[in-house]
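Residue-level structural notes
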Amino acid sequence: MLYILDLFGTVVFAMTGSLVARDKNMDVFGVVVIATVTAVGGGTLRDVILGTTPVFWVNDPNYISVAILGVILTVILIRLNWLPNRPLLIADAFGLALFTVIGTQAALDVGVDWQIAIIMGIMSSVAGGVIRDILSSEIPLILRHEIYATASLCGAVAYLFLLSVAPSILAITVSMSITLSLRLTAIWRGWSLPINVIGFNTNK
């Protein structure tokens, strides 16, 4: 089930990458590159840092296939004007929650300390978007005041805690629920982190 959900999250992240590339008027190759980087970039960076090689998509090319499928779906839905914004945001939040758990567990599987596992969980869920934004000449989402990486952080911490006191399926469910609810509530209520907290003069 987690594997199927992981592939679903990969499709969704590829779709968000495709939309960014479209907004930047990139050609077909650029769209595919940005979509694929968004979909697998976080997990790739995680595996390289942890020394888990070959990285996951080399061992399982299905990830690249579904990333390209995400591009095709985006093109079709845009052409048909069937790509509503709200469902895509919900699906993206689900992918964030899922990749947080998968990344955290992947780090635990190689025996790293809990602090590193949390970082790897966050990295798995947000690093693809960071690379996407950098390649698209945008300030990465996690460096703005969006509650995005913060939701992933809370989910990763909850997952680690619950693993020590509850069955793994409960830890997965609750962790994903925390990340998902934080992200969606932030979108719905317009929550954001405070800016200019250390007193920089933003007028200069």
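Cut-offs applied
- Counting starts from 1 at the beginning of each chain's written sequence and moves along it residue by residue.
- Only residues with pLDDT of at least 70 get local features here, since the model is predicted, and only at 80 or more are side-chain atom pairs given and counted; chain-wide, interface and lining totals rely on the full set of residues.
- Only hydrogens and water are set aside; all other atoms, that is, all heavy atoms of the structure, feed into the side-chain values.
- The secondary structure listing takes helices from DSSP runs of H or I that are at least 4 residues long and strands from runs of E that are at least 2 residues long, numbered from the N terminus.
- Just to be clear, the radius of gyration here is over C-alpha atoms, and the globule rule we use is 2.2 Å times residues to the power 0.38.
- For every residue, the accessible area (1.4 Å probe, protein chains only) is compared with the maximum for its type, and the residue is labelled buried under 20%, exposed over 50%, or partly exposed between those bounds.
- In this analysis the probe radius is 1.4 Å and the grid spacing 1 Å, with only protein atoms considered; a cavity is a set of points the probe fits into but cannot get out of, a pocket is an open set with protein on both sides within 12 Å along at least five of seven lines, and lining residues have an atom within 4 Å of a point.
- Grid points are joined across faces, edges and corners, and a volume is the space filled by probe spheres set on the points.
- Ten residues, namely Ala, Val, Leu, Ile, Met, Phe, Trp, Tyr, Cys and Pro, are considered nonpolar, four, namely Asp, Glu, Lys and Arg, are considered charged, and the remaining ones, Gly among them, are considered polar.
- For this analysis, residues touch if any pair of their heavy atoms sits within 4.5 Å.
- Salt bridges are counted wherever a side-chain nitrogen of Lys or Arg sits within 4 Å of a carboxyl oxygen of Asp or Glu.

**Overview of the overall build of the chain**
- For the chain, the count of helices and strands is eight helices and zero strands.
- In sequence order, the chain lays out its α and β elements as α-α-α-α-α-α-α-α.
- The C-alpha atoms of the chain give a radius of gyration of 17 Å, which matches the 17 Å a tight globule of 204 residues would have.
- In terms of overall dimensions, the chain has a C-alpha envelope of 50 × 50 × 30 Å along the principal axes.
- Taken across its 204 residues, the chain has 45% of its residues classed as buried.

**Concerning unusual backbone geometry**
- The linkage connecting threonine 53 with the following residue, proline 54, adopts the cis geometry, with an omega of -5 degrees.
- Residue position: proline 54 is located in the loop between α2 (28–50) and α3 (56–59).
- In this structure, asparagine 25 takes a positive phi of about 55 degrees despite not being glycine.
- Positionally, asparagine 25 belongs in the loop between α1 (2–23) and α2.
- Relative accessible area serves as the criterion here: at 70%, asparagine 25 is assigned to the exposed category.
- Even without being glycine, serine 137 reaches a positive phi, approximately 60 degrees.
- Mapped onto the elements, serine 137 comes out in the loop between α6 (114–135) and α7 (149–163).

**Re the layout of surface pockets**
- Counted as a void, the largest pocket has a volume near 640 Å³.
- Around the largest pocket, the lining is made up of 27 residues, and of these Thr16, Val20, Leu89, Arg132 and Leu141 lie nearest the centre.
- Elements supplying a minimum of two residues to the lining of the largest pocket: α1, α5 (85–109) and α6.
- Grouping the constituent residues of the lining of the largest pocket by class yields 12 nonpolar, five polar and 10 charged.
- As a volume, the second largest pocket reaches approximately 360 Å³.
- In this structure, the second largest pocket is lined by 24 residues; those nearest its centre are Asp6, Arg46, Tyr63, Ile102 and Ala106.

**Some remarks on the environment of leucine 83**
- Looking at the element boundaries, leucine 83 is found in the loop between α4 (62–79) and α5.
- A residue is classified by how much of its surface remains accessible, and leucine 83, at 24% relative accessible area, is partly exposed.
- Counting along the chain gives 10 residues from leucine 83 to leucine 73, while the straight-line C-alpha distance between them is 9.5 Å.
- Discounting chain neighbours no more than four positions away, the residues touching leucine 83 are Met15, Leu19, Thr74, Leu77 and Ile78.

**Observations concerning the pattern of salt bridges**
- Overall, the coordinates contain four salt bridges when judged by the stated rule.
- Between lysine 24 and glutamate 138 there is a salt bridge, with the nearest N and O atoms lying 2.6 Å from each other. With lysine 24 in the loop between α1 and α2 and glutamate 138 in the loop between α6 and α7, this pair connects stretches of sequence that are 114 residues apart.
- Between aspartate 47 and arginine 46 there is a salt bridge whose closest N-O contact spans 3.0 Å. Across this residue pair, the class does not change: aspartate 47 and arginine 46 are buried.

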